[in-house]
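# Residue-level structural notes
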Amino acid sequence: MPEFDQFLSKKVADRYLKREVLGEGTYGVVYKAIDTKSGQTVAIKKIRLGKHSDGVNFTALREIKILKELKDPNIIELIDAFPHKGNLHLVFEFMESDLEAVIRDRNIVLSPADVKSYLQMTLKGLAYCHKKWVLHRDMKPNNLLIGADGQLKLADFGLARLFGSPDRKFTHQVFARWYRAPELLFGTKQYGAGVDVWAAACIFAELLLRRPLLQGSSDIDQLGKIFATFGTPKPSQWPDMIYLPDYVEYQYVSAPPLRSLFPMASDDALDLLSKMFTYDPKSRITVQQALEHRYFSSIPAPTKPSSLPRPARKGESLNSKPSDFNPHEGPVVLSPPRKSRRVTVQRDGLEGNVHYTEKVDDHFYDARQVAGENTGRSENVPMSVDFSIFGSKPPPRPTLNSADRSHLKRKLDLEFIQPERE
Ligand SMILES: Nc1ncnc2c1ncn2[C@@H]1O[C@H](COP(=O)(O)OP(=O)(O)OP(=O)(O)O)[C@@H](O)[C@H]1O
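Below is a summary of the structure that appears in this document. (Residues numbered from 1 in each chain as written. Predicted model: local features only at pLDDT ≥ 70, side-chain atom pairs only at ≥ 80, totals over all residues. Heavy atoms only, no water.)

### Section: the nonpolar core
We apply this condition: Throughout, nonpolar core names a set of buried Ala, Val, Leu, Ile, Met, Phe, Trp, Tyr and Cys residues whose side chains join them through atoms within 4.5 Å. Buried residues are those whose accessible area, probed at 1.4 Å on protein chains only, stays under 20% of the maximum for their type, while exposed residues exceed 50% and partly exposed ones sit between those limits. Only DSSP runs of H or I reaching four residues or more are called helices, and only runs of E reaching two or more are called strands; each is numbered from the N terminus. An automatic or database domain assignment is the source of the domain bounds shown. Every residue pair with non-hydrogen atoms within 4.5 Å of one another is taken to be in contact.
Grouped together as the largest cluster of nonpolar side chains are 73 residues, with contacts concentrated most on Leu-99, Tyr-118 and Phe-277. Tallying contributions element by element places helix H6 (residues 194-209) first for this core, with eleven residues. When residues are assigned to domains, this core turns out to be shared by domain 1 (15-93) and domain 2 (97-390), each giving three or more. Discounting residues that sit within four places of it in the chain, Leu-99 has contacts with Tyr-118, Pro-141, Leu-144, Ile-146, Leu-152, Ile-203 and Leu-207. Ranked by size, the runner-up nonpolar core spans twelve residues in total, among them Ile-47, Leu-90, Met-95 and Leu-145.

### Observations concerning the sheet that holds strand E9 (residues 152-154)
Put simply, the rule is: At least two DSSP bridges between two strands are needed for those strands to be called paired.
Across the sheet, which stays open at both edges, the three strands sit in the order E6-E8-E9 with antiparallel pairing between neighbours. At either margin of the open sheet sits one strand with a lone partner, and together these are strand E6 (97-98) and E9. Examined bridge by bridge, E6 and strand E8 (residues 144-146) share two bridges and lie antiparallel to one another. Opposite Asp-98, over in E8, you have Leu-145 as the bridge partner.

### Considering the pairing of strand E5 (residues 87-93)
Across the seven residues of E5, seven count as buried, placing the element largely inside the fold. Bridge count between strand E3 (residues 41-48) and E5: seven bridges; the pairing is antiparallel. Bridge assignment links Arg-48 to a residue of E5, and that residue is Asn-87. The pairing of strand E4 (residues 78-84) with E5 spans six bridges and is classified as antiparallel. Counterpart to Leu-78 in the pairing with E5 is Phe-92. Connecting E4 to the next strand, E5, in antiparallel fashion are two residues, including Lys-85 with a positive phi near 45°.

Here's what the structure looks like:
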């Protein structure tokens, strides 16, 4: 591996000219760079490979394998991948902005045709993934990148995973909470493409409202917000619900009319939205069915991507992003679960801060947020992973030893790290 690393570091220096840092996500820093071979501007995601240089981050391997196989106008293209100085570098096409910047930009007016266009591109990207038996699993507006030509592309498959294999159990605490489907919040171990449909519905609602619809401050609160918005599901609506591992009974509340939440939406938009927000994942509309819904064929036609309103370019929009964002807007929390709650005090190992963790049966929830702390997206700890069970520090990333790695290399067909390909 060392000779190979050396070979590749030369290539990095030779091929990619690093520019500014674009930001940092769950897995590491993202740089802007110029590909001197093609002259193209690219984004390089540097993924930490764990403590030992021969340790390969399993999540990274998974991301690469999946990305390599996905090629579609609404999916971000992985141009290159290589290890360098103990990190894995993923080279993506550079994208000017993301859907979160569009939604938050108060200078942008989104017409019904614009909303339709963004939703259609999102669903087309998802339909492609689902056809390939891949779930995205981390759908949220800042993972929907927008190119200079206005095309929206799904990015950040770091948490995605092939879901075709039988008996595969998934960890469920991986979805950004506000976009998380109720079956995930109830701890289902085997879930399907419906989780992406629910998340897409949350994004659709957010495009209509220009703020997130369901802003839960903990998993319990998230379910409370969902039930307050759509009514507590009756067993007849979702027969399997009571068998889910983390099921707790919520006080029954009826749903307000959906129209009252979206006064400006068309009837077709509301019909599609309600089908995407169906509780029972077995009855929830599929992405393909959603694309065939009359919402997309009725007027107005979706705006052409090149005519969509443009948000401020990356960097310019950063300062204004969180300012008009009020996490306390939205439906009121209604019903705490009936099972017993315990609140324990934990001390933060690094800064000595005290915070509280609420224990409900075997599941912990971050009570810093329950106590009303800012839940805005600018937090360092991503909401997609509930780190509260580890104190305030993220869990160590799983790494593989070299025997595992060569096995995985074969299994995942990672020919991109074979020198001969270069
Ligand atoms: N292809 C790209 N082109 C331009 N900017 C990008 C690209 N990919 C990521 N970025 C930017 O880099 C930053 C970090 O992105 P990354 O995907 O690692 O994390 P994130 O989406 O911000 O958070 P999370 O890891 O929780 O999903 C973000 O500001 C993102 O918009």
